[in-house]
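The lines below spell out each chain.
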Amino acid sequence: VPGNNKFQGRIEFSTLARFYFGHRGHVASQVFINVSLQCLNIASIIIAAQVMDDTVIAIFHKTCGVSLHPSPGWLCTSRTSSGVSPFDGNIMLITAGYLATLAFTIPLGLLNLDDNVYIQVFALVFLFVALGNWFATFFMAGMQSVRVPVSGADLSDVMGNVIFNYGFITTVPSWINEKRPGVGVHSTLAVSVITSCLIFVSIGWLGGMAFDYPSGSDLLSVIVSSPLSNKFDLVMLYLFPPVILSLTIPVFSIVVRYNLLQNKVCNKGLANFFAVVLPWLVVIPFMTGNGLMIVIGWSSLFFTSVSNFILPFVLYMTAVKFKQDYHAGRVTLTEDQKQIIADMNIPEVTTVSFSAKVDEESPLINSLNHVSAPLLPGGDAERSYKALPEWFFFSRTPR
């Protein structure tokens with residue numbers, strides 16, 4: 001966005017779509033971005049609630065909830081989930097694990113991203129401790145390469161899982177808005193992606209060789225039911241949902257709220273409802289059975305793939321063409337684009353009024369002459385934009 005070449009202003013992902021695609025593109029991007037993030041939330045809620053119910057069983061020897069079908073009413077079980085959920089075969093309204101996860105994560109979702117930093121750092125440390133424990137368990141179990149063939153019998157869920165696990169791109173603008181000025185964007189993203197890839201491959205390959213997986217099961221549930229489980233394994237596994245999975249939920253909720261509020265889609269109360277509360281209502285039919293794979297498969301196909309892999313590429317190509325057209329004097333800003341620039345939170349000025357090099361004849365200055373925004377305190381238009389720092393402007397020499 002003009003005037004934000006060093007990320008000094010706050011620009012959310014959907015605001016980029018609004019700037020370059022206009023109103024219709026903005027509406028479509030809001031739908032795809034927010035549904036994609038909420039589907040990630042729903043998947044995390046399902047896994048966290050299911051394993052949390054296992055935790056409740058381990059501590060209290062049973063877990064309870066309200067069943068909707070086939071036997072409506074209060075239902076308790078002492079069976080740990082070897083497959084998907086202790087309540088497998090029932091549609092549950094609420095469970096003890098669901099309520100515990102909800103109580104832990106919703107307050108965090110009402111905070112800002114920078115308020116969650118120390119909690120996320122703690123989660124990262126815990127993750128590496130858990131990974132070390134899992135790798136030790138894999139080697140103790142004895143790995144058999146025959147369990148991981150070159151090609152499986154059913155690959156229908158593979159693409160959905162791959163897309164789902166790399167569906168983080170929509171959160172990058174929100175992270176850039178919150179990061180410290182000295183943190184490099186490219187280096188941080190490169191290290192994070194490479195590390196994540198190595199972890200995914202190692203866990204999938206070694207974990208696949210170590211255990212047999214019943215239909216609909218996952219790594220956590222298989223280790224819980226393994227004869228190799230000891231107290232430390234159980235502690236690590238039962239802490240994993242609240243510490244790792246549950247802590248991703250407020251992050252995605254916050255990003256959804258940021259996107260809604262910056263573009264004035266709704267007020268803060270409704271934004272908190274859509275971002276923080278709604279996924280906990282939508283998740284109810286999917287909490288037991290194979291609901292997780294249904295959510296991952298369909299959401300990855302329609303929403304996660306578009307918002308994380310197609311939309312960013314189209315945005316980049318559109319932005320490059322816009323910059324080229326600006327340098328050639330072939331474009332002027334629309335009223336909405338002017339307002340987006342004026343609304344950017346640039347610390348060096350009271351309100352953004354101009355975002356082009358000091359050149360009264362440039363098309364960007366001409367297009368911004370009528371932006372209704374305060375100038376620098378006590379000054380006129382010329383003094384205001386001449387006082388802006390060099391980085392505030394679109395470079396007139398293509399880089």
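It should be emphasised that the depicted structure is a prediction, and the values quoted were computed from it without experimental measurement.

Trainee: Help me understand the overall build of the protein chain in this model?
Mentor: Of the regular secondary structure elements, the protein chain holds 13 helices and three strands. Counting every position in the protein chain, which comprises 399 residues, the buried fraction comes to 47%. A sequence separation of at least 24 residues applies to 74% of the contacts in the protein chain between residues at least 6 apart. Put simply, the protein chain shows about 19,700 Å² of open surface, and 67% of that area lies on carbon and sulfur atoms.

Trainee: I'm lost on the packing of helix α2 (residues 96–109) against helix α8 (residues 231–262) in this one. Help?
Mentor: If you want to describe how two helices pack, look at the angle between their axes and the distance between the axes. Where α2 meets α8, the closest approach of the two axes is 8 Å, and the angle between their N-to-C directions is 40°. Handedness of the crossing formed by α2 with α8: right-handed. For the pair α2 and α8, the contacting residues are T101, F104, T105, L108 and G109 in the first and P242, S246, L247, I249, P250, I254 and R257 in the second. For the contact of α2 with α8, the per-class residue count stands at seven nonpolar, four polar and one charged.

Trainee: Sorry, what's going on with the pattern of salt bridges here?
Mentor: Oppositely charged side chains are able to pair whenever their charged atoms sit close together. Here the structure, examined in full by the defined rule, presents eight salt bridges. Measuring nitrogen to oxygen at the nearest pair gives 3.1 Å for the salt bridge that ties R10 to E178. Highlighted residues: R10 in the segment before α1 (13–60) and E178 in helix α5 (residues 172–178), separated in sequence by 168 residues. A relative accessible area of 23% means that E178 is categorised as partly exposed. With a shortest N-O distance of 3.8 Å, D343 and K264 are connected by a salt bridge. In this pair, D343 sits in helix α11 (residues 335–343) while K264 sits in the loop between α8 and α9 (268–282), placing the two residues 79 residues apart along the sequence. Given the relative accessible area of 42%, D343 is considered partly exposed. Here the salt bridges do not stand alone but share partners, grouping R10, E12 and E178 into one network.

Trainee: I would appreciate a short explanation of the packing of α1 against α8 in the present structure.
Mentor: Between α1 and α8, whose axes approach to 8 Å, the crossing angle comes to 160°. By the angle between their axes, α1 is roughly antiparallel relative to α8. Note that α1 runs across α8; the crossing there is left-handed. Tallied by class, residues from the contact of α1 with α8 come to 19 nonpolar, 13 polar and two charged.

Trainee: Teacher, can you tell me more about the pairing of strand β1 (residues 63–69) here?
Mentor: Here five bridges tie β1 to strand β2 (residues 73–77), and the two strands are oriented antiparallel to one another. By the bridge assignment, T63 is partnered in β2 with T77. Connecting β1 to the antiparallel partner β2 that follows it, the hairpin turn spans three residues. Alignment of β1 against strand β3 (residues 91–95), held across four bridges, turns out to be antiparallel. Each bridged residue has a counterpart across the sheet, and for H69 the counterpart in β3 is I91.

Criteria and cut-off values
- All residue numbers refer to position in the chain's written sequence, counted from 1.
- Owing to the predicted nature of the model, reporting of local features is limited to residues with pLDDT of at least 70; listing and counting of side-chain atom pairs is limited to 80 or more, with chain, interface and lining totals taken over all residues.
- Side-chain metrics in this entry use all non-hydrogen atoms of the structure; hydrogen atoms and water are not considered.
- Numbering of helices and strands runs from the N terminus; a helix is a DSSP stretch of H or I covering at least four residues, while a strand is a stretch of E covering at least two.
- Whether a residue is buried, partly exposed or exposed follows from its accessible area with a 1.4 Å probe, protein chains only, as a fraction of its type maximum: under 20%, in between, or over 50%, in that order.
- Contacts were defined at the residue level, with two residues in contact if any of their heavy atoms lie within 4.5 Å.
- For every accessible area listed, the method is Shrake-Rupley and the probe measures 1.4 Å; residues are considered covered only by the protein chains on display.
- Inter-axis angles, ranging from 0 to 180 degrees, are taken between N-to-C directions of lines fitted to C-alpha atoms, where helices are fitted over the stretch in contact.
- By definition, any crossing whose near helix is turned counterclockwise from its far helix by less than a right angle is left-handed, and any crossing with a clockwise turn is right-handed.
- Residue classes follow a fixed rule: Ala, Val, Leu, Ile, Met, Phe, Trp, Tyr, Cys and Pro count as nonpolar, while Asp, Glu, Lys and Arg count as charged, and any other residue, Gly among them, counts as polar.
- Every case where a carboxyl oxygen of Asp or Glu lies within 4 Å of a side-chain nitrogen of Lys or Arg is listed as a salt bridge.
- Relative orientations are named as follows: roughly parallel for angles under 35 degrees, roughly antiparallel for angles over 145 degrees, roughly perpendicular for angles from 65 to 115 degrees, and oblique for any other angle.
- In this analysis, strands are considered paired if DSSP registers two or more bridges between them.

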